[in-house]
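So you can see what is in the structure, the chains are spelled out below.
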Amino acid sequence: MTEFANRRRMMVDTQVRPSDVTKFPIIQAMLTVPRENFVPDAQREAAYADVMVDLGGGRHQLEPRTLAKMLDAANIGRTEMVLDIGAGLGYSSVVAARMAELVVAVEEDEAMAEEAQTQLMDAGADNAIVHTGPLAEGASEHGPYDVILIQGGVETMPQALLDQLKDGGRIVAVFNEGAVGVVRLGRKAGAQVSWRFVFNATAPVLPGFERAPEFAL
């Protein structure tokens, strides 16, 4: 077993399983997808640490625990379509692709999107594609989606994304509320999305998900 394979197993045993994530598809994907290939070369040694990894350009890869618990809440099925917003270099998309029928990874940074497409192909994720464009706009041409995952912080949720969610679909996001952050699971019924608390977490706010500034007269 290689050094990085040992680190993957340690990541799962010390970060993922203790966080009450026990679904086999999540565990298996996180044991087998080489996380070190989805970070900048200078960050490979940090790939399996319990921290957000700096991808450059103000973007980050979520901690393994946070991603695992978001996937657990989303409960992706084998026949479902997933929209992965803010995919970065593609790690979350490859992991989700091990559970879903199709994953559409949205990345607006063109260099990251190009690298993500390469990594998806190298990982054999032929049921995942990269859509290059503004994160807050999603990828409506491929939807609607059963599940939407957002790989970063949210202050306000764009209606364009909620419109791309199927009736009965789920959306999982980290909501930044001052110094406190919470992950919420939304479930769509008709035109409405109802949200419930899942766990505490924080993440830098993604472009396009910032709260509009308030001006006082």
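These notes cover the structure that comes with them. Here the structure is a predicted model, which means the values were calculated and not measured.

### Some points on the side chain of Glu-107
Thought 1: Here Glu-107 lies in strand E4 (residues 102-107).
Thought 2: Residue Glu-107 is classed as buried on the basis of its relative accessible area, which comes to 1%.
Thought 3: At 2.7 Å, the side chain of Glu-107 forms a polar contact with the side chain of Arg-59.
Thought 4: At 3.0 Å, the side chain of Glu-107 forms a polar contact with the backbone nitrogen of Asp-109.
Thought 5: Ignoring anything within four residues of it in the chain, the contact list for Glu-107 reads Arg-59, Gly-86, Ala-87, Gly-88, Met-112, Ala-113, His-131, Thr-132, Gly-133 and Leu-135.

### Describing the packing of aromatic side chains
Aromatic rings in a pair are described by how distant their centres are and how their planes are angled relative to each other.
Thought 1: This model, assessed by the stated rule, comprises three aromatic pairs.
Thought 2: For the ring pair Phe-4 and Tyr-48, a centre distance of 6.2 Å and an interplane angle of 40° mean the geometry is tilted. Placement of the pair is Phe-4 in helix H1 (residues 3-16) and Tyr-48 in the loop between helix H2 (24-32) and strand E1 (53-56), with a sequence separation of 44 residues. Here Phe-4 matches Tyr-48 in class, with each residue buried.

### Let's talk about the pattern of salt bridges
Thought 1: Within this structure, the stated rule accounts for nine salt bridges.
Thought 2: The partner of Glu-177 in a salt bridge is Arg-184, with the nearest N and O atoms 2.7 Å apart.
Thought 3: Three or more residues are tied together by salt bridges with common partners; here these are Glu-3, Arg-7 and Glu-45.

### Observations regarding the pairing of strand E6 (residues 145-154)
For a regular strand, side-chain orientation follows a simple rule: the groups alternate between the two sheet faces.
Thought 1: Judged by how many residues are buried, E6 sits mostly within the fold: ten of ten residues are covered.
Thought 2: Relative to E6, strand E3 (residues 81-85) runs parallel, the two sharing four bridges. Following the sheet pairing, Asp-84 is matched in E6 by Leu-149.
Thought 3: Of the pairings in the sheet, the one linking E6 to strand E7 (residues 165-177) comprises six bridges and is parallel in character. When the bridges of E7 are listed, Val-154 appears paired with Phe-175.

### Section: the sheet that holds strand E9 (residues 192-200)
Strand pairing in a sheet relies on backbone hydrogen bonds, with the paired strands running either antiparallel or parallel.
Thought 1: Read from one edge of the open sheet, seven strands run E5-E4-E3-E6-E7-E8-E9, paired in mixed fashion. Two strands lie at the open edges of the sheet, namely strand E5 (128-132) and E9, each paired on one side alone. The average undirected angle you get between the axes of adjacent strands in this sheet is 20°.
Thought 2: Direction of pairing for E7 relative to strand E8 (residues 180-189): antiparallel, over a ladder of eight bridges. Residue pairing in the sheet places Val-174 in a bridge with Val-183 of E8.

### Quick notes on the nonpolar core
Thought 1: By size, the foremost hydrophobic cluster in this structure holds 52 residues, and its most contacted members are Met-30, Leu-71, Ile-76, Tyr-91, Val-95 and Leu-149.
Thought 2: In this view, Leu-71 contacts Ile-26, Ile-76, Val-95, Ala-96, Met-99 and Leu-149; residues no more than four positions away in its chain are not counted.
Thought 3: The next biggest cluster of nonpolar side chains, apart from the first, holds 23 residues, and it includes Ile-150, Ile-171, Val-182 and Val-193.

### Comments concerning the environment of Glu-36
Thought 1: Relative to the helices and strands, Glu-36 is located in the loop between H2 and E1.
Thought 2: Taking the C-alpha atoms as reference points, Glu-36 and Met-157, separated by 121 residues in sequence, lie 30 Å from one another.
Thought 3: Those residues in contact with Glu-36, other than ones at most four positions away along the chain, are Phe-4, Arg-8, Arg-44, Ala-47 and Tyr-48.
Thought 4: Within the structure, the side chain of Glu-36 is placed 2.3 Å from the side chain of Tyr-48, a separation counted as a polar contact.

Calculation rules
Residues numbered from 1 in each chain as written. Predicted model: local features only at pLDDT ≥ 70, side-chain atom pairs only at ≥ 80, totals over all residues. Heavy atoms only, no water. Helix = DSSP H or I, 4+ residues; strand = E, 2+ residues; numbered from the N terminus. Buried < 20%, exposed > 50% of the residue type's maximum accessible area, 1.4 Å probe, protein only. Polar contact = N/O pair within 3.5 Å; in protein donor to acceptor, adjacent residues only side chain to side chain. Contact = heavy atoms within 4.5 Å. Phe/Tyr/Trp six-rings, centres within 6.5 Å; stacked < 30°, edge-to-face > 60°. Salt bridge = Lys/Arg side-chain N within 4 Å of Asp/Glu carboxyl O. Pairing = 2+ DSSP bridges. Axes fitted to C-alpha atoms, helices over the stretch in contact; angles between N-to-C directions. Core = buried A, V, L, I, M, F, W, Y, C linked by side-chain atoms within 4.5 Å.

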